[in-house]
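Residue strings, one per chain:
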Amino acid sequence: MASEQKIEIGKFFFEEGILGFEHLQFFHLVKEENESPFYSLQSLEDDQISFWVVDPFNFFPEYEFSLHSQAKMALHIEENHSILVVNIVTIRGENNITVNLKAPIVINQGNRMAKQVILNEENYEVRQPLFQKQLEKSR
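A quick note: this is a predicted structure, and the numbers were derived from the prediction, not measured. (Residues numbered from 1 in each chain as written. Predicted model: local features only at pLDDT ≥ 70, side-chain atom pairs only at ≥ 80, totals over all residues. Heavy atoms only, no water.)

1. Comments concerning the side chain of asparagine 108
For clarity, the cut-off: Strands here are runs of E lasting at least two residues and helices are runs of H or I lasting at least four, both read from the DSSP assignment and numbered beginning at the N terminus. Buried, partly exposed and exposed residues are distinguished by accessible area as a fraction of the type maximum, computed with a 1.4 Å probe on protein chains only: under 20%, between the cut-offs, and over 50%, respectively. The term polar contact refers here to a pair of N or O atoms within 3.5 Å; inside protein, the definition further demands a hydrogen-donor-capable atom paired with an acceptor-capable atom, and it admits residues adjacent in sequence only when both atoms are side-chain atoms. We call two residues contacting when some pair of their heavy atoms lies within 4.5 Å.
Tracing the sequence through the fold places asparagine 108 in strand 7 (residues 105–108). For asparagine 108, a relative accessible area of 0% corresponds to the buried category. A polar contact is formed between the side chain of asparagine 108 and the backbone nitrogen of glycine 110, at a distance of 2.9 Å. Contacts of asparagine 108, omitting those with residues within four sequence positions, involve Leu75, His76, Ile77, His81, Ser82, Ile83 and Met113.

2. Here's the deal with the pattern of salt bridges
Convention followed: Salt bridge, as applied in this entry: a Lys or Arg side-chain nitrogen positioned within 4 Å of an Asp or Glu carboxyl oxygen.
Scanning the model with the defined rule gives one salt bridge in all. Between glutamate 16 and lysine 115 there is a salt bridge; the shortest N-O distance is 2.7 Å. Of this pair, glutamate 16 sits in the loop between strand 1 (7–14) and strand 2 (26–31) while lysine 115 sits in strand 8 (residues 113–116), placing them 99 residues apart in sequence. Its relative accessible area of 14% is what places lysine 115 among the buried residues.

Here it is in structure tokens:
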């Protein structure tokens, strides 16, 4: 029997909720396995709502953006706070998994506040294929 290796990252407060789920503000983030880039983001207010999220830098090392000052103020980000960025993953069918690079979730681990941020950068997609680059490399 395989042992469970889930790692609790913590409970976080989304003042404005997540897009489409603005009424839910408290979520629990769990890393499924230590070496995995995948996390489960579970609502603490509705056990029917959860999201797969991923560390985008494992798949898109060039992914970068500037956090606008309004988001920094909303998250109360200070220099000594550790920030975690994850993006929502959607399974759209067999071999069709996308990640929302346009609206990352930024988590201030210092105060447990989180916010989904809409980026102004034009080069990021809402439905970016997650494994596109790996498939292109194998061809």
